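What follows is the residue order along each chain.
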Amino acid sequence: MESNEQQQQRRHQTKPKPRPYAVGGVSMRDLLAACAAADAVSRPPRAPEPADPRTVEESREAA
């Protein structure tokens, strides 16, 4: 078995894992705009709204 001292020395010899970091250069405004654009593009187009019968009759009368 290793002594406490040997374990501590081995811990100090190993390199710590690099921590992830945020990439600079992109503003929050640009990031949010890109997310909104991606969301809009990824949705299918909306179905056309049904015609209002009152509007159709009014346009016929006007013609």
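Parameters at a glance
Counting starts from 1 at the beginning of each chain's written sequence and moves along it residue by residue. In view of the model being predicted, local features appear only for residues whose pLDDT reaches at least 70, and side-chain atom pairs are presented and counted only at 80 or more, with totals across whole chains, interfaces and linings using the full set of residues. For side-chain calculations, the full set of non-hydrogen atoms in the structure is used, while hydrogens and water are omitted. Helix and strand definitions follow DSSP, with helices as H or I runs of at least four residues and strands as E runs of at least two, each counted in order from the N terminus. Burial here depends on accessible area, computed with a 1.4 Å probe over protein chains only, as a share of the maximum for the residue type. Under 20% is buried, over 50% is exposed, and the range in between is partly exposed. For the area figures, the Shrake-Rupley method with a 1.4 Å probe applies, and any residue is considered shielded solely by the protein chains shown. Salt bridges are identified by distance alone: a Lys or Arg side-chain nitrogen within 4 Å of an Asp or Glu carboxyl oxygen. On a range of 0 to 100, pLDDT expresses the predictor's confidence in each residue. Patch membership requires more than 30% relative accessible area and the absence of a salt bridge. Residues of like charge join within 9 Å; the nonpolar side chains Val, Leu, Ile, Met, Phe, Trp and Tyr join within 5 Å.

1. Quick look at the overall build of the protein chain
1) Next: The number of helices and strands found in the protein chain is 3 helices and 0 strands.
2) Next: For the protein chain, the succession of helices and strands along the chain, N to C, is α-α-α.
3) Next: When each of the 63 residues of the protein chain is scored for burial, the buried share is 0%.
4) Next: Summing over all exposed atoms, the protein chain offers an accessible surface of approximately 7,000 Å²; the carbon and sulfur share of this is 56%.

2. Overview of the pattern of salt bridges
1) Next: If you walk through the whole model with that rule in mind, you get 2 salt bridges.
2) Next: Residue D39 is joined to R43 by a salt bridge in which the shortest nitrogen-to-oxygen separation is 3.1 Å.
3) Next: Residue classification places R43 among the exposed positions, given a relative accessible area of 55%.

3. Looking at the confidence of the model for the protein chain
1) Next: Residues of the protein chain with pLDDT of at least 70 account for 65%, and the chain-wide mean is 76.
2) Next: The least confident element of the protein chain, judged by mean pLDDT, is helix α3 (residues 53–62) at 62; the most confident is helix α2 (residues 28–42) at 92.

4. Observations concerning a nonpolar patch on the surface
1) Next: A cluster of nonpolar side chains, contributed by V26, M28, L31 and L32, occupies part of the molecular surface with about 410 Å² of accessible area.
2) Next: Relative to the helices and strands, L31 resides in helix α2.
3) Next: Owing to a relative accessible area of 43%, L31 belongs among the partly exposed residues under this scheme.

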